[in-house]
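Chain by chain, the residues run as shown.
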Amino acid sequence: MAGTSQLSSFEHRFAAMVIRQRWAVIVGCLALVAVMASGLHKLEFTNSYRVFFSPDNPELLAFEAMENAYAKHDNVMFVVTPANTNVFTRESLAVISDLTTRAWQLPYANRVDSLTNFQHTAAVGDDLTVGDLVSDPGALDLTALKQIRAVALAEPLLAANLVARDGRVTAVNVTTQLTRLDEQTEIPAVVDAARALAADIEREYPGTEVRLTGVLMMDIAFSESSLHDARTLVAASFGLIFVLVGVFAGGVAGAFGTALVVGLAIATAMGIAGHPVSPPISAAPVIILTVGVANCVHILDACLHGLRHGLDRHTALIEALAGNFKATFFASVTTVIGFLSFNFSEVPPLRQLGNIVAFGDIASYVLAVTLLPAVLAVLPLRAPTRTLLPATWFAALAGFVIRRQRVLLWS
């Protein structure tokens, strides 16, 4: 074999063993991955911002102590823009009053604050009366509406808080009392009910626009955005990368082998993780994809190079694997060390991301030097009749870089 003397005997013996025992290697790799990825069914997206803090984080402990002493800050806020863009009309106040009453029916709701149920204190002679600022919107006349506007825009708890200073927008704030024992069901239950209520209000009062915000909406946005990206952008990027691998390095067999290695590496890493999937962790599959594709492409390109120079398929695979064994190993080791350094971060999801990617990189390397050549030894793999970019172009580029090395370095 050409180049055998330049490579260690261990590398060639290992490569030859993989090709010779290809079916055993394939079955063994699939069985091992099945065991290590068995935890995938336990993965779930977390809806809580608290995952960004360690349990002993002093700021989180202080925040929880304040909540325990006073009140929880989990909330959903309905931001309402009336059809006539004027909050202080009978029609607009009727919408706010109806929304306020129905918001009490949200799961875990324990307080609802709005313009209409604001407890206003008024002096009548020697008596003080406390009651809802707006009790019967339909019975208000122009004088009463002007008085309500004056009171609301002069009240610090309402103006620029639940009512815009220009009177065009108002809000209904619902404070919830979650048990926090099962956030995966509690938070979605509140958010789903809030979205349904907002849709009902918009349908029953044409022209009214209701937007949702608040802590619980922020919590749910993390998981929903991650899931949406995984279904759309991530899936599209996966498909595009494997198409490019097929076009540039190995055809259908090369693309399939690469996809298999990357997919199993991601499954292994996520299965071992055992952590709730937070937004930072959701980036792990893309990072593992990048590293795994790089490992596979090196071996694929070297194999195709051997095929173009007259080697048979098995010999080309052995030479490709032996020739790239050390290079891909050191590239993977340095990448693993880099991601393990995430453990110095104070943010738990970043530490978890580093560990998951490190596991995934190790898995992609092991699969790239075992499963990939074994699969390529089984599937039909032929040398391309022509290359998209002539080799002379790369030779010319290399010569240009060597001749102009100083200029290129400093520029």
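Residues numbered from 1 in each chain as written. Predicted model: local features only at pLDDT ≥ 70, side-chain atom pairs only at ≥ 80, totals over all residues. Heavy atoms only, no water.

Colleague: Looking at this structure, I do not really get the sheet that holds strand 5 (residues 170-176). What am I missing?
Modeller: Pairing between the strands of a sheet comes from backbone hydrogen bonds, and it takes one of two forms, parallel or antiparallel. The strand order across the open sheet formed by four strands is 2-5-1-6, and the pairing between neighbours is antiparallel. Two strands lie at the open edges of the sheet, namely strand 2 (109-113) and strand 6 (209-213), each paired on one side alone. Strand-to-strand twist of the sheet, defined as the mean angle between neighbouring strand axes without regard to direction, takes the value 20°. Sheet topology note: the strand 1 (residues 75-81)/strand 5 ladder contains six bridges and is antiparallel. By the bridge assignment, Met77 is partnered in strand 5 with Asn173. Docked against the sheet, helix 4 (residues 90-103) engages strand 1, strand 2 and strand 5, running at close to 5° with respect to strand 5. Against the sheet, helix 7 (residues 215-248) makes contact with strand 1, strand 5 and strand 6, and its axis sits at roughly 100° relative to strand 1, the strand it touches most. (Pairing = 2+ DSSP bridges. Helix = DSSP H or I, 4+ residues; strand = E, 2+ residues; numbered from the N terminus. Axes fitted to C-alpha atoms, helices over the stretch in contact; angles between N-to-C directions. Contact = heavy atoms within 4.5 Å.)

Colleague: Would you mind showing me how to read helix 4 here?
Modeller: An α-helical turn contains 3.6 residues, so a residue and the one three or four places further along point in the same direction. Between the first and last C-alpha of helix 4 there are 20 Å, a value that for 14 residues agrees with the 20 Å anticipated at 1.5 Å per step. Within the sequence span of helix 4, burial applies to Ser92, Leu93, Val95, Ile96, Ser97, Leu99, Thr100 and Ala103. (Expected span 1.5 Å × (residues − 1). Buried < 20%, exposed > 50% of the residue type's maximum accessible area, 1.4 Å probe, protein only.)

Colleague: What exactly am I supposed to notice about unusual backbone geometry here?
Modeller: Note: most peptide bonds trans; most residues except glycine with negative phi. The phi torsion at Thr85 lies on the positive side, around 50°, for a residue other than glycine. If you trace the backbone, Thr85 turns up in the loop between strand 1 and helix 4. According to the relative accessible area criterion, Thr85 is partly exposed, its value standing at 32%.

Colleague: What is the right way to read helix 2 (residues 22-36) from this model?
Modeller: Helix length check: helix 2 (15 residues) gives 21 Å between terminal C-alpha atoms against 21 Å at 1.5 Å per residue, within 8%. Residues of helix 2 that are buried include every one of Val25, Ile26, Cys29 and Val33, and no others. Axial view of helix 2: buried residues confined to an arc of 100°, hence all on one face. Exposed residues lying more than 90 degrees from the buried face of helix 2 are Trp23, Val27 and Val35. (Arc of directions from axis to C-beta.)

Colleague: Is there a simple way to think about the pattern of salt bridges in this case?
Modeller: Pairing between side chains becomes possible if they bear opposite charge and their charged atoms approach one another. According to the stated counting rule, one finds seven salt bridges in the structure shown. Among the ionic pairs, Asp113 bridges to Arg111, the shortest N-O distance being 2.8 Å. Each member of the salt-bridge network shares a partner with another, and the members are Asp98, Arg102, Asp200, Arg203 and Glu204. (Salt bridge = Lys/Arg side-chain N within 4 Å of Asp/Glu carboxyl O.)

Colleague: What is the right way to read the nonpolar core from this model?
Modeller: Side chains of a nonpolar character, in soluble globular proteins, are inclined to be buried together. One finds Ile356 and Leu367 to be the most contacted residues of the largest nonpolar core, which totals 58 residues. Elements supplying a minimum of two residues to this core: helix 1 (9-20), helix 2, helix 7, helix 8 (251-273), helix 9 (284-308), helix 10 (313-340), helix 11 (348-368) and helix 12 (371-378). Core analysis: the second largest hydrophobic core is formed by 23 residues, Ile96, Leu99, Val172 and Leu216 among them. (Core = buried A, V, L, I, M, F, W, Y, C linked by side-chain atoms within 4.5 Å.)

Colleague: Looking at this model, I keep getting lost on the packing of helix 9 against helix 11. Mind explaining?
Modeller: The relative placement of two packed helices is expressed as an angle between their axes plus a distance between the axes. At a minimum axis separation of 9 Å, helix 9 and helix 11 run at an interaxial angle of 25°. Accordingly, the angle class assigned to the pair helix 9 and helix 11 is roughly parallel. Two packed elements cross with a definite hand, and for helix 9 against helix 11 that hand is right-handed. Touching Ala284, Ile287, Ile288, Val291, Gly292, Asn295, Cys296 and Ile299 of helix 9 are Leu353, Ile356, Val357, Gly360, Asp361, Ser364, Tyr365 and Ala368, all from helix 11. Here the contact of helix 9 with helix 11 is composed, by residue class, of eleven nonpolar, four polar and one charged. (Parallel < 35°, antiparallel > 145°, perpendicular 65-115°, else oblique. Left-handed = near helix turned anticlockwise from the far one by under 90°. Nonpolar A, V, L, I, M, F, W, Y, C, P; charged D, E, K, R; others polar.)

Colleague: Honestly, the packing of helix 2 against helix 8 in this entry has me stumped. Any pointers?
Modeller: Where helix 2 meets helix 8, the closest approach of the two axes is 8 Å, and the angle between their N-to-C directions is 30°. When the axes of helix 2 and helix 8 are compared, the pair comes out roughly parallel. The residues of helix 8 that touch helix 2, namely those facing Leu30, Val33 and Met36, are Leu264, Thr268, Gly271 and Ile272. Across the contact of helix 2 with helix 8, the residue classes break down as five nonpolar, two polar and no charged.

Colleague: In this structure, what is going on with the packing of aromatic side chains? I would like to understand it.
Modeller: In this description, a pair of aromatic rings is defined by centroid distance and the angle of the planes. On inspection of all chains with the given rule, the structure shows eight aromatic pairs. Look at Phe339 and Phe342: their rings are 5.4 Å apart centre to centre, the planes differ by 50°, and that puts the pair in the tilted class. Since its relative accessible area comes to 16%, Phe339 is described here as buried. Joined through ring pairs, the aromatic side chains of Phe10, Phe14, Phe325, Phe329, Phe330 and Tyr365 make up one cluster. (Phe/Tyr/Trp six-rings, centres within 6.5 Å; stacked < 30°, edge-to-face > 60°.)

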